[in-house]
Amino acid sequence: MIRVIPRLDIKGPNLVKGVHLEGLRVLGRPEWYAERYYQDGADELIYLDQVASLYGRNNLAEIVSRAAERIFVPLTVGGGIRSVEDIQRLLRAGADKVAINTAAIKRPELIREGAHAFGAQCIVLYIEAKRRGPGTYECLTDNARVRTGVDVFDWVQRAVELGAGEILLTSVDREGTGLGYDFELVATVASLVPVPVIASGGAGSADHVHQVIAEGHADAVCAASLFHYAVVGEMQRETEPFEEGNVEFLRGKLPISTLGRRQIQARRIPELKAHLAQAGIACRRAPADTVPGALCRRA
Amino acid sequence: MPPRVTIIDYGLGNLFSLRRALGYLGAEPETASTPREVEQAEQLILPGVGAFGDGMRQLRERGLVDPVRRAATEGVPLLGICLGMQLFFTESEEFGRHDGLGIFAGRVGRLAATAASGEPVKVPHVGWNALTPAPGGLPWERSALQELAPGDSVYFVHSYVPSPEDGAVTVAEMAHGGHRYCAMVQRGAVVGCQFHPEKSGAVGLRILRHFLGLEG
């Protein structure tokens, strides 16, 4: 079955979203979105901290820890992980897997150390891929701010040999644009490595998701704007306004369409899964009673 | 009284998710790493993520092999999850041949890297699969799956999978790459899940709730 995975970009206490990983705007509290997505049948959740705040105020471990109290699907967490101790801290907070980019490129042994200590299934290699020419992609780090000169296709193979258990593959060129996934990038990586590939960056419609599975051979699909914009209105009605960060969007001063390069045809997860099922792609049937607390919370 | 349940901590895997899920269901999870603690437990869970040989070595070093075997024969409710379930079997071929706990007869082998169609299959297998009744296996209404319907899905992360010698202990199967594999076994109060019920949403919580003896 194809896994459908919302991506939650975190800055401080907030869920944010940018374009090409830049120009972050505040969409609300990550707790609210996470719970909505869990109830909607998300197969996993991915948290990526945009400012790598593993230790400061409102740190990522606290956000994950609160989520793990009520959300019983796998949680992947990344942003600012530099050591085995950092990995352990996030796993103890309730993460099931960690996503590592910058630190792994600086010191590939971290992958081996992490896989040895916690198992390969814990270690997700996070790639920010920037297209440099036909069939050529460079790894970027630090939310696509830093060039590395490292070739994506060489790096994924080496990282899997070192023990990476999955690849979270983000196209920086497509990220936040709603223009569709980079099928060529995804298909090439999927053909090179024996571990699952999670396609990320560019989903603007249910058709895009279908295409990256059918043509890109993705094992899992990750999307942010596609899901966020389907529920942001509901979130605004249900919660208090925010004070921190770039909240122009939430105050209604910016239309949704300015957030991506073109209108994103937002979809709730059940709608997306129904679309995929119609196209013959098997997805998990989410039970009706995923609502936390509805099961058997006993006094 | 909230049900008391004891998670065996033998140094392998992340117990936090499991503790949280059990706590959410109203149980009071404790951890045990000594023979005495395991012997005194009312209900036991053997979790685990990692290699089979490491798992058995850790159990042996802590003196837990016999207490766990005894719990199984004495009818103490015992749930094995992922590697914990694999350790219930006679032996494994993961990184050489290793003896297991022998609670169930059978061998743990690697998932096929080639699909029935000849296409390559991703190993480790990470993802959700539907559970289906096993032909000739234990009927769901007499198993820990009695609250579930065929097709309900659960979350797997594994490269190896057991093949029970006695098909009657298999409760559920799953399909990966066109091959069918054992996903869950049960004999009396001993239940083994190759998947992670603590990460399988409402379906997994129902399995844990049933194991804990909590009514729906």
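Below, the structure is looked at part by part. (Residues numbered from 1 in each chain as written. Chains lettered and ligands numbered in written order. Predicted model: local features only at pLDDT ≥ 70, side-chain atom pairs only at ≥ 80, totals over all residues. Heavy atoms only, no water.)

**A look at the pairing of strand S12 (residues 170-176) of chain B**
All names here are of chain B.
Part 1 of the reasoning: With six of seven residues buried, S12 is to be regarded as a mostly interior element.
Part 2 of the reasoning: Bridging between strand S9 (residues 132-133) and S12 involves two bridges; their strand directions are antiparallel. Pairing of Thr-132 across the sheet is with Glu-173, part of S12.
Part 3 of the reasoning: Where S12 folds back on strand S13 (residues 179-187), the antiparallel hairpin that results is connected by two residues, among which Gly-177 adopts a positive phi of roughly 60°. (Buried < 20%, exposed > 50% of the residue type's maximum accessible area, 1.4 Å probe, protein only. Helix = DSSP H or I, 4+ residues; strand = E, 2+ residues; numbered from the N terminus. Pairing = 2+ DSSP bridges.)

**Focus on the interface of chain B and chain A**
Part 1 of the reasoning: With 36 residues of chain B at the contact, the number on the chain A side is 43 residues.
Part 2 of the reasoning: Looking at the side of chain B facing chain A, the largest losses of area belong to B:Arg20, B:Tyr24 and B:Trp128, adding up to 26% of the total buried there.
Part 3 of the reasoning: A:Asp96 is the partner of B:Lys199 in a salt bridge, and the nearest nitrogen-oxygen pair spans 2.8 Å.
Part 4 of the reasoning: Applying the counting rule to chain B against chain A returns 13 residue pairs in polar contact (both at pLDDT 80 or more).
Part 5 of the reasoning: For the side of chain B that touches chain A, the secondary structure elements donating two or more residues are helix H1 (16-24), strand S8 (125-130), strand S10 (153-158) and helix H6 (201-211) of chain B.
Part 6 of the reasoning: Looking at the side of chain B that touches chain A, its residues break down into 19 nonpolar, nine polar and eight charged. (Contact = heavy atoms within 4.5 Å. Buried area = accessible area lost by both parts, 1.4 Å probe. Salt bridge = Lys/Arg side-chain N within 4 Å of Asp/Glu carboxyl O. Polar contact = N/O pair within 3.5 Å; in protein donor to acceptor, adjacent residues only side chain to side chain. Nonpolar A, V, L, I, M, F, W, Y, C, P; charged D, E, K, R; others polar.)

**Overview of helix H10 (residues 269-278) of chain A**
Residues and elements named next belong to chain A.
Part 1 of the reasoning: Taken together, the buried positions of H10 are Ile-269, Leu-272, Lys-273 and Leu-276. Considered in projection along H10, the buried side chains sweep an arc of 95° and stay on one side of the axis.
Part 2 of the reasoning: Next to the buried residues of H10 lie strand S1 (3-11), helix H1 (30-40), helix H8 (206-214) and helix H9 (225-238).
Part 3 of the reasoning: At the exit of H10 stands Gly-280, carrying a positive phi of roughly 85°. (Arc of directions from axis to C-beta.)

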